[in-house]
Amino acid sequence: MERERNMTGRVLVVGHVCIDIINYLHRFPEEDTDVGSSSAQEALGGGGNRCLDQQWQRGGNASNTATVLSLLGADAEFLGSIPKGSLCRFIEDGFGADSVAISHCPRFEAQTPTSCVIVSQETGTRTIIHSNRDLPEVPAELVRSLPLAEYDWIHFEGRNINNVKLMIEYIRAERDMMKHKLTISVELEKPGRKELEVLLSLGDVIFVSKDYAKANGFSDMETTVRDLKKRTPPGSVLICPWGEVGAAACLPDGSVVSCDAHSPPSVVDTLGAGDTFIAAAIWRLRRGDDVLSAVRAACRVAGVKVGVRGFQCLRQQLESAGQLLN
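Residues numbered from 1 in each chain as written. Predicted model: local features only at pLDDT ≥ 70, side-chain atom pairs only at ≥ 80, totals over all residues. Heavy atoms only, no water.

A. How the structure looks around the overall build of the chain. Per the secondary structure count, the chain includes 9 helices and 14 strands. The C-alpha atoms of the chain give a radius of gyration of 19 Å, which matches the 20 Å a tight globule of 326 residues would have. If you line up the chain on its principal axes, its C-alpha atoms span 65 × 45 × 40 Å. Buried residues in the chain amount to 53% of all 326 residues. Partitioning the contacts of the chain with sequence separation of at least 6, the portion at a separation of at least 24 is 68%. (Helix = DSSP H or I, 4+ residues; strand = E, 2+ residues; numbered from the N terminus. Rg over C-alpha atoms; globule rule 2.2 N^0.38 Å. Buried < 20%, exposed > 50% of the residue type's maximum accessible area, 1.4 Å probe, protein only. Contact = heavy atoms within 4.5 Å.)

B. Representation of helix 7 (residues 273-286) in the model. Over its 14 residues, helix 7 runs 20 Å from end to end, which matches the ideal 20 Å to within 8%, given 1.5 Å per residue. Buried residues dominate helix 7, accounting for 13 of its 14 residues. (Expected span 1.5 Å × (residues − 1).)

C. Representation of the pairing of strand 7 (residues 114-120) within the structure. Two elements, strand 2 (residues 18-25) and strand 7, share 7 bridges in a ladder whose sense is parallel. Across the sheet, leucine 25 pairs through a bridge with serine 120, a residue of strand 7. Of the strand pairs in this sheet, strand 7 and strand 8 (residues 126-131) are connected by 6 bridges, and their pairing is antiparallel. Within strand 8, the position partnered with serine 115 by the bridge is histidine 130. Hairpin connection between strand 7 and strand 8: a loop of 5 residues separates the two successive antiparallel strands, and glycine 124 in this loop has a positive phi of roughly 80°. (Pairing = 2+ DSSP bridges.)

D. Geometry of the sheet that holds strand 1 (residues 10-14). Read from one edge of the open sheet, 8 strands run 4-1-9-10-11-12-13-14, paired in mixed fashion. Two strands bound the open sheet, and with one partner strand each, they are strand 4 (76-79) and strand 14 (256-260). Recorded for the sheet is a direction-independent mean angle of 15° between the axes of neighbouring strands. Pairing geometry for strand 1 and strand 9 (residues 151-156), over 5 bridges, is parallel. In the sheet register, leucine 12 faces strand 9, and the bridge partner there is isoleucine 154. Packed onto the sheet, helix 6 (residues 221-228) meets strand 11 (205-208), strand 12 (237-241), strand 13 (246-250) and strand 14 and runs at close to 20° relative to strand 13. Across the face of the sheet, helix 8 (residues 291-306) comes into contact with strand 12, strand 13 and strand 14 while running at roughly 25° to strand 14. (Axes fitted to C-alpha atoms, helices over the stretch in contact; angles between N-to-C directions.)

E. Here's a closer look at the pattern of salt bridges. In total, this model carries 18 salt bridges according to the counting rule given. Between arginine 159 and glutamate 157 there is a salt bridge, with its nearest N and O atoms 3.6 Å apart. Judged by its relative accessible area of 18%, arginine 159 is buried. Judged by its relative accessible area of 4%, glutamate 157 is buried. The partner of arginine 287 in a salt bridge is aspartate 289, and the shortest N-O contact between them spans 3.2 Å. In this structure, a network of salt bridges that share partners links the residues Arg10, Glu77 and Glu150. (Salt bridge = Lys/Arg side-chain N within 4 Å of Asp/Glu carboxyl O.)

F. Representation of unusual backbone geometry within the structure. The residue asparagine 160 is not glycine, and still its phi comes out positive at about 50°. Inspection of the secondary structure puts asparagine 160 in the loop between strand 9 and helix 4 (161-178). Even without a glycine there, the phi angle at lysine 179 is positive, about 55°. By the element assignment, lysine 179 lies in the loop between helix 4 and strand 10 (183-188).

G. Highlighting the packing of aromatic side chains. Applying the stated criterion across every chain yields a total of 1 aromatic pair. A cation over an aromatic ring shows up here: arginine 287 above the ring of tryptophan 283, its NZ or CZ 5.7 Å from the ring centre. The side chain of lysine 305 reaches across the aromatic face of phenylalanine 311, ending 5.5 Å from its centre. (Phe/Tyr/Trp six-rings, centres within 6.5 Å; stacked < 30°, edge-to-face > 60°. Lys NZ or Arg CZ within 6 Å of the ring centre and 35° of its normal.)

H. Quick peek at the sheet that holds strand 7. Strand order in this open sheet of 4 strands is 3-2-7-8, and the pairing throughout is mixed. The sheet is open, and its two edges are formed by strand 3 (51-59) and strand 8, each paired on a single side. Between one strand axis and the next, the sheet turns through 15° on average, direction left out of account. Along the sheet, helix 3 (residues 88-97) makes contact with strand 2 and strand 3, crossing strand 3 at roughly 80°.

The structure is reproduced here in C-alpha cells:
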C-alpha cells in the first residue's frame, strides 16, 4: 500500500487493544433465549433470529483508529499493552497485516481482553460486553523511550488517565524544547467518567463523543463544542461527532462549524464508526485541511464504514466512492 508522500512523520495512537468476538444476528435477542446458527436465507425467510455469522478480529478504540489511519495511507503506529499467550500472535499478525507498527508495545503475562459484540442486521446497532481482567495499562515512563522526533501526531484514547496525563505533559515539554511540530489529540468517549475532564486541558485537538456529551447534560453537538471549548487550551480545536446527525467543531477563535452526516445505502455495522471518524479527521488535518473540510471528510468516511462489515473492505469502498480523492 502506498504511504502518504507529503507527511514527514508517523502518527502514533496510544490506547487499548482487545479481541472482538462479533456475532451478526438478524435482530437483537430477547432475554433468556437461545440463538443458534443458520443461513441468512433461512433466518430472514422464516422470520426467526439466527446467528448469521461470527467473526474474530482485533479491536479496541486505539487499535481501530490506528488500523483506519493505515488503511487511509498514513504511516501508523499503535502503542498499548499486548498480552502474552496464545492470542498474542493473533493480535500481532493482525497489526502486521494492516501495516500498523507495534515495535514499542510492552508485553505482559495477562489474559487477553475481549469484547463480545452483538450486531443487529435489522437495525445496524452494536451492543458490546467488554472484559479486561488483568492486563496492565501502558506505564507512563514508557514515553521517555519513544523517538518523539519521528512523530508528527500522537493521539491518546481516553483511558488510563493518570498515566496519559503524565505522558502528555512529558511530550509537551519535549516538544517545546525541541521546537518540534507535533500535534497531540485526545478522545473523551465513555460517559460517566468524571476523570476524563482533565483531558480537555491537554490536547491540541480534542474529540468528544455524543455519549460523553449527553452524559454531561448536552443535547446537541453545537452547544457541546461551544461550551466545552472554554475548558481547552488556547489555539485548540474541539470536535464532536453526533452519529447520524453529523459533527460539529469549535475553532480556536470560538466560532462553530458543523456538517451533516453521510448516510450509506443501508446501515450494516456501526462497530468502530467513532474510531473511524477520529482516524479520518486526523488523516485530513495532518495533510493540512481546514477543520470544516476535515470534519466533512471524517463524516463521509465514517458513513461509508457503517455501510460495510469491519474495516478490511473500507479502503476499497472509499476509493470506489471517490472519498480518498476529494
